[in-house]
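Close look at the chain arrangement
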Amino acid sequence: MSRMVIPGTTPTDEKLFNPPEELQKDAHIPDFESYLRLYKKSIEEPEEFWKEVAEDFFWKSPPKGEFLKYNFDVTKGNVNVKFMAGAKTNICYNILDRNVNEKNRGEKVAYYWEGNSPSHSCSITYNQLLKQVCKFANVLKNMGVKKGDRVAIYLPMIPELVYSMLACARVGAVHSTVFAGFSSESLCERILDSQCSFLITADGVYRGDKLINLKQISDEALEKCIEKENFVIKNCIIVRHIGEQKNNANVYNSFQTPWNADTNVWWDDVMKNSSEECEPEWVDAEDPLFILYTSGSTGKPKGVLHTVAGYLLYTALTFKYVFDYHPDDVYWCTADIGWITGHSYITYGPLANGATSVLFEGVPVYPHVGRFWEIIEKYSVSKFYTAPTAIRLLMKYGQEPVKKFNLGSLKILGTVGEPINPEAWLWYYNVVGEKRCPVLDTFWQTETGGHVITPLPAATPLKPGSATFPFFGVLPSILNEHGEELEGEAEGYLVFKQPWPAIMRTVYGNHERFENTYFKKFPGYYVTGDGCRRDKDGYYWITGRIDDMLNVSGHLLSTAEVESALTEHPVVAEAAVVSRPHAVKGECLYCFVTLKNGREFSHSLAEELKKQVREKIGPIATPDFIQNAPALPKTRSGKIMRRVLRQIARSEKDLGDLSTLADPKVVEVLFSQRWEATA
Ligand code: WT7
């Protein structure tokens, strides 16, 4: 067992934002001392700690052998993590049946669904949720879905998305949810990578006033699966979402896509006669629960795999403590379930606690810029979780749209996805939270499954911009370039020294890639890929990615992925993509392209390239800037010097040491033709 490290000394900084006393009265973790005590236990006796958490849940049979077993050191064999291996359970049973049958929460609302249009909403109780999930689980079974089969889900934020995920979990199938803003190319790539034999999608969705034909994108993706690998899906189940809204019938009819009678079925047709009872499949604690793709630095997305028991315990506990969950709370996380935030903190974590959540289909500025605040008032939301990019967007409209609504129900505010700049933190704290609600900057990753560095609302004195301290069971360290652990005030690579229950188990189908990506650089540690600073009080400050990844509006993109989308264009010889700071998105894409001999750069070509990236990857990857680069700055060994390109993109005049460049003149040309900083 690693040496105990207590996170920091008691903070003394006078700019601290102390937890409100009101919250401390009945909080689960009411003060910093309690946090430290429990933290110490979680690190020194992880088995005891997690066994107690597991007692809240249902196990058909207990673990066999060791409760926790792991190896983080690649030099000593395969990297692996096992929590409660041999135990039999079902996560869907734990978050639905247990709430309905044992906790008497059948009539409690699980979700207030709020549609893209404010006139479109409904509520779903735990009883109703369980029934719909059982019905759909039977549908899957009847179609031949078996334990371990992969099922792709490409749905907007509608209740059927939750039904689909939980039905998969109930029958032991592995869901692979693909964010419904991804392109057909991205969907195809993900279906093929994990060989999903079923796809669940919808006819379409309105995002703001824009209608998106999901069925058509799905059809294109499935055609590409056949073209590329002769891979034919067994069934494609389509939710009638646009068609169901009567006033949209005309629109819907005009965009219907051809019906493939071999594979296509309507959701409501197959649900009609399906039974409401479905015995869960009892699976192993370490059986796979889901795959979720995240950008990888080589360009090809990685299928992050999470397993059943560890993920259940960890999302349940982080939800309970980080949002200090109480039974009368109404909780709202604005993320899309297509990302890990939605998996952990819309689907699994809240349901594991029997919570009531808002499930929101729309966007923050439709039909007006006060939509978020309107929804908080409408449902008396008490815990609100969103992204810094959304806050920066809404900040631009000033206080007035916020003040139109009564936000008195709010108690806790959270953010996730990227570093939050203190200006946005303070606006969120002062204007939205009316100086009454702690702002929790939660740091984590698709790979970590749940929060790993985060404040606790009644325990942690806050510093705007800091994710503060590790969650229970998480042992961070900061390493220098040589892999040496740094003590006290320090800055370097953020790593973790021991596993927590929800750490990813592998990259689907490629365990070697898992080891190479996260465990090779510093054997014995999980490497996050983020830089981090620890201040004199022991607070952790995430400083951003230190690999070739970009964070646009809280979404990770790999430069390689965007570069390959650009170079697929027939006139592009080479491309290099870097980030440039952006007032709302945090970072945006700035692309340098070298054209093939004799080709002319033009405004329309730049627009064409932007469109190409959008179509290959998805709208989130649309470049903001494309610059013609007659040549790229390269070292003598031919490596592109991205540092210099980043500086040009940011209009930094002092470009530092250029002596390793093969041809320093290249830089002058690029600098003189750069897009000037505007924002
Ligand atoms: C990367 C993970 C975790 C859900 C959303 C993103 C960045 C995330 C923070 C934060 C600073 C953050 C990191 C991380 N990130 N949260 N609170 N402060 N940076 O999941 O797509 O897997 O991205 O997002 O760079 O490694 P993801």
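Now for a quick tour of the structure. Being a predicted model, the structure only gives us computed values, none of them experimental.

**Concerning the overall build of the chain**
Across its full length, the chain holds 21 helices and 31 strands. The C-alpha radius of gyration of the chain comes to 25 Å, within 12% of the 26 Å expected for a compact globule of 679 residues. When the backbone C-alpha atoms are referred to their principal axes, the chain occupies close to 75 × 65 × 60 Å. Residue burial in the chain is summarised as follows: out of 679 residues, 63% are buried. Here the analysis covers contacts within the chain between residues at least 6 apart in sequence; of these, 73% occur between residues at least 24 apart. A total of about 26,200 Å² of accessible surface is found on the chain, and carbon and sulfur atoms cover 48% of it. Distance between charge centroids for the chain: 1 Å, based on 75 positive and 85 negative side chains.

**A few points about the nonpolar core**
Of all hydrophobic cores here, the largest spans 179 residues; its most connected members are Tyr35, Leu96, Leu129, Ile191, Leu351 and Leu566. By residue number, the principal contributor to this core is helix 11 (residues 308-322), which donates eleven residues. The residues contacting leucine 351, other than those within four sequence positions of it, are Ile95, Leu96, Asn99, Ala110, Tyr111, Tyr126, Leu129, Val162 and Leu166. Counting 31 residues, the second-largest nonpolar core is a separate cluster that includes Tyr379, Phe384, Leu410 and Tyr428.

**A word on the site of the ligand**
In the region of the ligand, 18 residues are neighbours, and Asp441, Thr442, Thr446, Asp530 and Arg545 sit closest. Within the backbone of proline 419, a nitrogen or oxygen atom sits 3.4 Å from a nitrogen atom of the ligand. Between aspartate 530 and the ligand, the recorded distance is 2.4 Å, taken from a side-chain N or O atom to an oxygen atom. Alone, the ligand offers 550 Å² of accessible surface; in the complex the protein occludes 95% of this. Those elements that provide at least two residues to the shell around the ligand are helix 12 (340-352), strand 20 (439-442) and strand 26 (540-545).

**Structural notes on the sheet that holds strand 4 (residues 109-114)**
Strand order across the open sheet formed by seven strands is 5-4-17-16-18-19-20, with mixed pairing between neighbours. Since the sheet does not close on itself, it has two edges, and those belong to strand 5 (121-125) and strand 20, each with one partner. Each strand of the sheet is rotated relative to its neighbour by a mean of 20 degrees, with strand direction disregarded. Inspection of the sheet shows strand 18 (residues 383-386) paired to strand 19 (residues 412-416) by four bridges, in the parallel sense. Within the sheet, the bridge partner assigned to lysine 383 lies in strand 19 and is isoleucine 412. Packing of helix 13 (residues 371-379) onto the sheet brings it into contact with strand 4, strand 5, strand 16 (330-333), strand 17 (356-360) and strand 18, and relative to strand 4 it is tilted by some 145 degrees.

**Some words on the pairing of strand 28 (residues 555-558)**
Every regular strand shows the same layout, with side chains that alternate between the two sheet faces. Direction of pairing for strand 27 (residues 549-552) relative to strand 28: antiparallel, over a ladder of four bridges. Among the inter-strand pairings, leucine 550 is bridged to a residue of strand 28, identified as leucine 557. What sits between the antiparallel neighbours strand 27 and strand 28 is a turn of two residues, in which serine 553 has the positive phi angle 50 degrees.

**Re the sheet that holds strand 15 (residues 302-307)**
If you trace the eight strands from one edge of the open sheet to the other, you get 12-11-8-6-7-14-15-24, paired in mixed fashion. The open sheet terminates on both sides in strands that have one partner only, identified here as strand 12 (264-266) and strand 24 (506-507). Where strand 8 (residues 198-202) and strand 11 (residues 235-239) come together, five bridges link them in parallel fashion. By the bridge assignment for strand 11, alanine 202 is matched with valine 239.

**Notes on the side chain of threonine 89**
Looking at where threonine 89 falls in the secondary structure, it is placed in strand 3 (residues 88-89). Taking relative accessible area as the criterion, threonine 89 reaches 0% and is therefore assigned buried. A polar side-chain atom of threonine 89 sits 2.7 Å from the main-chain carbonyl oxygen of phenylalanine 58. A polar contact of 2.9 Å, which involves the side chain of threonine 89, links it to the side chain of asparagine 94. Ignoring anything within four residues of it in the chain, the contact list for threonine 89 reads Phe58, Trp59, Asn94, Glu281, Trp282, Val283 and Val308.

**Observations concerning helix 5 (residues 126-142)**
Count 3.6 residues to each turn of an α-helix, and residues three or four apart come out pointing the same way. Over its 17 residues, helix 5 runs 24 Å from end to end, which matches the ideal 24 Å to within 8%, given 1.5 Å per residue. Those residues of helix 5 that fall on the buried side of the exposure criterion are Tyr126, Leu129, Leu130, Val133, Cys134, Lys135, Phe136, Ala137, Asn138, Val139 and Leu140. In the stretch just after helix 5, glycine 144 is the one whose phi turns positive, near 100 degrees.

**Focus: helix 6 (residues 159-171)**
Taking 1.5 Å per residue as the helical rise, helix 6 with its 13 residues ought to reach 18 Å, and the 19 Å between its terminal C-alpha atoms agrees with that figure. Across the 13 residues that make up helix 6, a large majority, 13, are buried. Of the residues flanking the end of helix 6, it is glycine 172, one or two places downstream, whose phi is positive at about 80 degrees.

**So, the packing of aromatic side chains**
Within the structure shown, the criterion is met by 56 aromatic pairs. When the centroid spacing of 5.6 Å and the interplanar angle of 85 degrees are considered together, the rings of tryptophan 332 and phenylalanine 360 count as edge-to-face. One end of the pair, tryptophan 332, is in strand 16; the other, phenylalanine 360, is in strand 17, and 28 residues separate them in sequence. Both residues of the pair, tryptophan 332 and phenylalanine 360, belong to the buried class. Seen in terms of ring centroids, phenylalanine 384 and tyrosine 428 are 6.5 Å apart; in terms of plane orientation they differ by 65 degrees. Their pairing is edge-to-face. Highlighted residues: phenylalanine 384 in strand 18 and tyrosine 428 in helix 16 (residues 422-432), separated in sequence by 44 residues. Both residues of the pair, phenylalanine 384 and tyrosine 428, belong to the buried class. Aromatic rings pair up to connect Phe32, Tyr35, Tyr39, Phe49, Trp50, Tyr314, Tyr321, Phe469, Phe471, Phe472 and Tyr539 into one cluster.

The rules we used
Residues numbered from 1 in each chain as written. Predicted model: local features only at pLDDT ≥ 70, side-chain atom pairs only at ≥ 80, totals over all residues. Heavy atoms only, no water. Helix = DSSP H or I, 4+ residues; strand = E, 2+ residues; numbered from the N terminus. Rg over C-alpha atoms; globule rule 2.2 N^0.38 Å. Buried < 20%, exposed > 50% of the residue type's maximum accessible area, 1.4 Å probe, protein only. Contact = heavy atoms within 4.5 Å. Areas by Shrake-Rupley, 256 points an atom, 1.4 Å probe, with all protein chains shown as cover. Lys, Arg positive; Asp, Glu negative; His and termini not counted. Charge placed at Lys NZ, Arg CZ, Asp CG, Glu CD. Core = buried A, V, L, I, M, F, W, Y, C linked by side-chain atoms within 4.5 Å. Near = heavy atom within 4 Å. Polar contact = N/O pair within 3.5 Å; in protein donor to acceptor, adjacent residues only side chain to side chain. Pairing = 2+ DSSP bridges. Axes fitted to C-alpha atoms, helices over the stretch in contact; angles between N-to-C directions. Expected span 1.5 Å × (residues − 1). Phe/Tyr/Trp six-rings, centres within 6.5 Å; stacked < 30°, edge-to-face > 60°.

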